[in-house]
There are 4 protein chains.
Amino acid sequence: MGKTYQSIVVNTPAEAVWEKLRDFHDLSWAPDVITNVDVVGDKAGDQPGARRVLNGAFHETLHALDDDNRELTYSIDEGPSPVSSGEVSSYEGHVRVRPVTEGDGGTFVEWYSQWKGNDESAAEFCHGIYAGLLEQLKKTLEH
Amino acid sequence: MGKTYQSIVVNTPAEAVWEKLRDFHDLSWAPDVITNVDVVGDKAGDQPGARRVLNGAFHETLHALDDDNRELTYSIDEGPSPVSSGEVSSYEGHVRVRPVTEGDGGTFVEWYSQWKGNDESAAEFCHGIYAGLLEQLKKTLEH
Amino acid sequence: MGKTYQSIVVNTPAEAVWEKLRDFHDLSWAPDVITNVDVVGDKAGDQPGARRVLNGAFHETLHALDDDNRELTYSIDEGPSPVSSGEVSSYEGHVRVRPVTEGDGGTFVEWYSQWKGNDESAAEFCHGIYAGLLEQLKKTLEH
Amino acid sequence: MGKTYQSIVVNTPAEAVWEKLRDFHDLSWAPDVITNVDVVGDKAGDQPGARRVLNGAFHETLHALDDDNRELTYSIDEGPSPVSSGEVSSYEGHVRVRPVTEGDGGTFVEWYSQWKGNDESAAEFCHGIYAGLLEQLKKTLEH
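Residues numbered from 1 in each chain as written. Chains lettered and ligands numbered in written order. Predicted model: local features only at pLDDT ≥ 70, side-chain atom pairs only at ≥ 80, totals over all residues. Heavy atoms only, no water.

(A) Highlighting the pairing of strand 3 (residues 51-54) of chain A. All names here are of chain A. Pairing geometry for strand 2 (residues 37-40) and strand 3, over four bridges, is antiparallel. Across the sheet, residue Val37 finds its bridge partner in strand 3, namely Leu54. Bridge count for strand 3 against strand 4 (residues 58-66) is four bridges, and the pairing is antiparallel. The residue bridging Arg52 from the neighbouring strand is Glu60, located in strand 4. Counting the residues between successive antiparallel strands, the hairpin from strand 3 to strand 4 contains three residues, one of them, Asn55, with a positive phi of roughly 50 degrees. (Pairing = 2+ DSSP bridges. Helix = DSSP H or I, 4+ residues; strand = E, 2+ residues; numbered from the N terminus.)

Printed below as a string of structure tokens:
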């Protein structure tokens, strides 16, 4: 099992954060990290089974979407090394959004994943991407 | 909080059970309990936000669908007494499917719910419906 | 179903926050809210089944403790109005601790509950207590 | 990530099944699989942090116990090959008990785990043990 966990607090209401994150086909909030999204197939971006290719390299499928708990799960089916299908399998990525109701308020966002095989280099690689996505989410939503 | 919990074992593989249950717009497997399904709006039956009216009386919305864990969540937004919107609110129904891998095999299916208000009569009413749906699921799939 | 949800960010590592919260018999971190803890029975404070009386009025039992996910669940078995056993039942309180790994760091703490009966006044009452506990946790740990 | 999943239906009420499983220090219900349990340290068998050595070889720690959901989590900290600490790490085992309320009744029991490293041989090895434990649980409780 490889695993990586990242989380951040964003000064934006949870509804607005989830609205950005729940569309699997729209990563326009992360222009510095995701430069291209190709939609594959005809499922909508909030329909499990939806597929996308990010940056021409990451082939991903949406597996679960939960509007009550503001959570989604997806797989990486094929990717560049070290997350190619020859190196890792059963890759599950998770995104979760929770309101911060007291203190300074805002929203707590988690992005974490686990997979089979190639533990260390994939963990470092994925950590970099997800930390980058969360920083960009914060920047996009707060400004 | 009102609550009800029902579960059953069906002698059919989990994939086949989930395939029947995951389409919010198709209850043809329960002809004795659900005589009519009206689809509302244009969302697909596996897309959170999908809406349906059952038996002309239960207005329901799909909130979460998880193909990895074979789980779905929906709400009753309006219904006949004792689950009318004047009597209960925040109604969440859950369906969960798990394989039985050892012993006699088969599939374990849970159907449970919780809501705000009108605890006892709603619990009895919902228990009757969900127990009926699970018995019918078993009958349809096993025969 | 009555429900209440509160959460806060504390500028202290998750391990230190969980260490404070996981002992059901020690609320010395909340001196302004909890002035007295009576331990009932002989179970340790991290052993499900442990019982306590807070401020001479709230009789509570620990039901679950999870050191991996840093979560605990407890019940209120008897309390003052509006959470007396004549007014509410099946009261479940939950505490959850998650690290904030990016941005300004810190720890995200959730305190939420649900119960049967007496929805509105119990919700307002419990919200006040849990918001107070979280604010005090933050104050104690940060200073 | 290595993973293994096993489940069974036992014709005994869920309370009785959980009562057998929740004591980390008592595996007397599995005499053909577990011939020896050494308790390590002074924590009770239902207290997270409790430690045991099974068959002189599996060093395990209880991490979570949930009496409401009838679930527990433990780690293997050291074991024989292929689950030695040189071969696998972050080993989490989970046990979950759910009532079957309709049809023939009984109780659904899941035993599943995940870990880092040594995926295939550890999966086969662990599957054999957990399937054996579940079969023995069924035999002990039903007869």
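(B) Structural context of the relation of the copies chain D and chain C. Each copy of the sequence occupies a distinct position, and chain D is placed on chain C by a rotation of 180 degrees and an axial shift of 0.0 Å, giving an RMSD of 0.0 Å. Interpreted geometrically, this transformation is the action of a two-fold axis. Among all residues of chain D, the one whose C-alpha sits closest to the rotation axis is Gln47(D), at a distance of 2.2 Å. Mapped onto chain C, 100% of the interface residues of chain D are again interface residues, and the two copies thus contact each other with one and the same surface. (Least-squares fit on C-alpha atoms with pLDDT ≥ 70 in both. Contact = heavy atoms within 4.5 Å.)

(C) The arrangement of the packing of aromatic side chains in detail. Residue and element names in this part refer to chain A. Going through the model one piece at a time under the given rule, you end up with 26 aromatic pairs over all chains. Centroid distance Tyr5 to Tyr112: 6.0 Å. Interplanar angle 35 degrees. Geometry classified as tilted. On the criterion of sequence distance, the pair formed by Tyr5 in strand 1 (residues 2-10) and Tyr112 in strand 7 (residues 107-116) is long-range, its members being 107 residues apart. Measuring from centroid to centroid gives 5.4 Å for Trp111 and Tyr130, while their planes differ by 20 degrees, and the two rings are stacked. (Phe/Tyr/Trp six-rings, centres within 6.5 Å; stacked < 30°, edge-to-face > 60°.)

(D) Structural view of the interface of chain C and chain A. Taken together, the contact between chain C and chain A spans 18 residues of the former and 18 residues of the latter. When chain C packs against chain A, the two sides together hide about 1,400 Å² of surface, and 57% of this comes from carbon and sulfur. Between Glu110(A) and Arg98(C) there is a salt bridge; the shortest N-O distance is 3.6 Å. The tally of links between chain C and chain A comes to eight residue pairs in polar contact (both at pLDDT 80 or more). Going through the elements one at a time, strand 1 (2-10), strand 6 (89-99), strand 7 (107-116) and helix 2 (119-142) of chain C are the ones with two or more residues in the side of chain C that touches chain A. A total of five residues in the side of chain C that touches chain A trace back to one element, the largest contributor, which is strand 1 of chain C. For the side of chain C that touches chain A, the class distribution of residues is eight nonpolar, five polar and five charged. (Buried area = accessible area lost by both parts, 1.4 Å probe. Salt bridge = Lys/Arg side-chain N within 4 Å of Asp/Glu carboxyl O. Polar contact = N/O pair within 3.5 Å; in protein donor to acceptor, adjacent residues only side chain to side chain. Nonpolar A, V, L, I, M, F, W, Y, C, P; charged D, E, K, R; others polar.)

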